[in-house]
Amino acid sequence: MMGDAELRKPPRRADIMAMPIAAPRYTVDDLAAWPEDGQRYELLDGVLLVTPSPALPHQVVATRIAAALTEFTARSPGILVSAPGVVTAPPATELQPDILVFRRPTHGDRWTGVTEYLLAVEIESPSSRIYDRDFKRLAYQSLGVRTVWRVVIDVRTVYVTEAGSEDEVARVDEVAWAPEEVTEPLTLSFDALLTDLGHGLEDPREDR
């Protein structure tokens, strides 16, 4: 009945166009209006990053690092430590490092008034590994954070990124940090940080 109809050839794979999926975009104001539910919500150029509530080793290590930094910076008036902290660039970026060392804002008491971020620390979890390593680390640099630590508990290593370089330097035995005006740095031993948390964790020094 349709013997004279022309049948078109099926499209080649290269001719098939993928339809983009529009991801919703949010603002810092949107973030502030959401209820607390135990998860961490952050924004990077309007894109929502969600990580679940951290596990026990994560929180213990974060608390120990924050305590050491707080004691160390007590000798430097105007330097504060917050765990977690906020690095924000309204209207579309707001990141929350596990620990943030910064200079007290000269005006007001809001995160938007902070202009000098000295150190941002992320205690990496399996659920946050890609965000912390490939996105947040470089975002912190672009927002003016001078030093970024990515702490990976299961391999007992801190990866350090300094201002002016995108490269990470692995610190296995210990890690040191100090603000510019302090000549003697704070040195943190991984053995001390991971006391009572070593069960099932790898120690890279065993392969030396």
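Criteria and thresholds
- Residues numbered from 1 in each chain as written.
- Predicted model: local features only at pLDDT ≥ 70, side-chain atom pairs only at ≥ 80, totals over all residues.
- Heavy atoms only, no water.
- Core = buried A, V, L, I, M, F, W, Y, C linked by side-chain atoms within 4.5 Å.
- Buried < 20%, exposed > 50% of the residue type's maximum accessible area, 1.4 Å probe, protein only.
- Helix = DSSP H or I, 4+ residues; strand = E, 2+ residues; numbered from the N terminus.
- Contact = heavy atoms within 4.5 Å.
- Pairing = 2+ DSSP bridges.

(A) Focus on the nonpolar core. Core analysis: the largest hydrophobic core is formed by 28 residues, its most contacted members being Ile65 and Trp149. Secondary-structure elements contributing two or more residues to this core are α2 (56-73), β6 (99-103), β7 (117-123), β8 (147-152), β9 (157-162), β11 (174-177), β12 (186-189) and α4 (190-193). With 7 residues, α2 is the largest single contributor of residues to this core. If sequence neighbours within four positions are ignored, Trp149 has contacts with Ile65, Leu119, Ala120, Val121, Glu122, Val158, Tyr159, Val160, Val175, Ala176, Trp177 and Leu188. By size, the runner-up hydrophobic cluster in this structure holds 13 residues, among which are Leu44, Leu49, Val87 and Val114.

(B) Main features of the pairing of β11. Of the two faces of β11, only the one carrying Val175 and Trp177 is buried; Glu174 and Ala176 on the other face are not. Relative to β12, β11 is paired through 4 bridges, and the arrangement is antiparallel. For Trp177, the partnering residue across the bridge sits in β12 and is Leu186.

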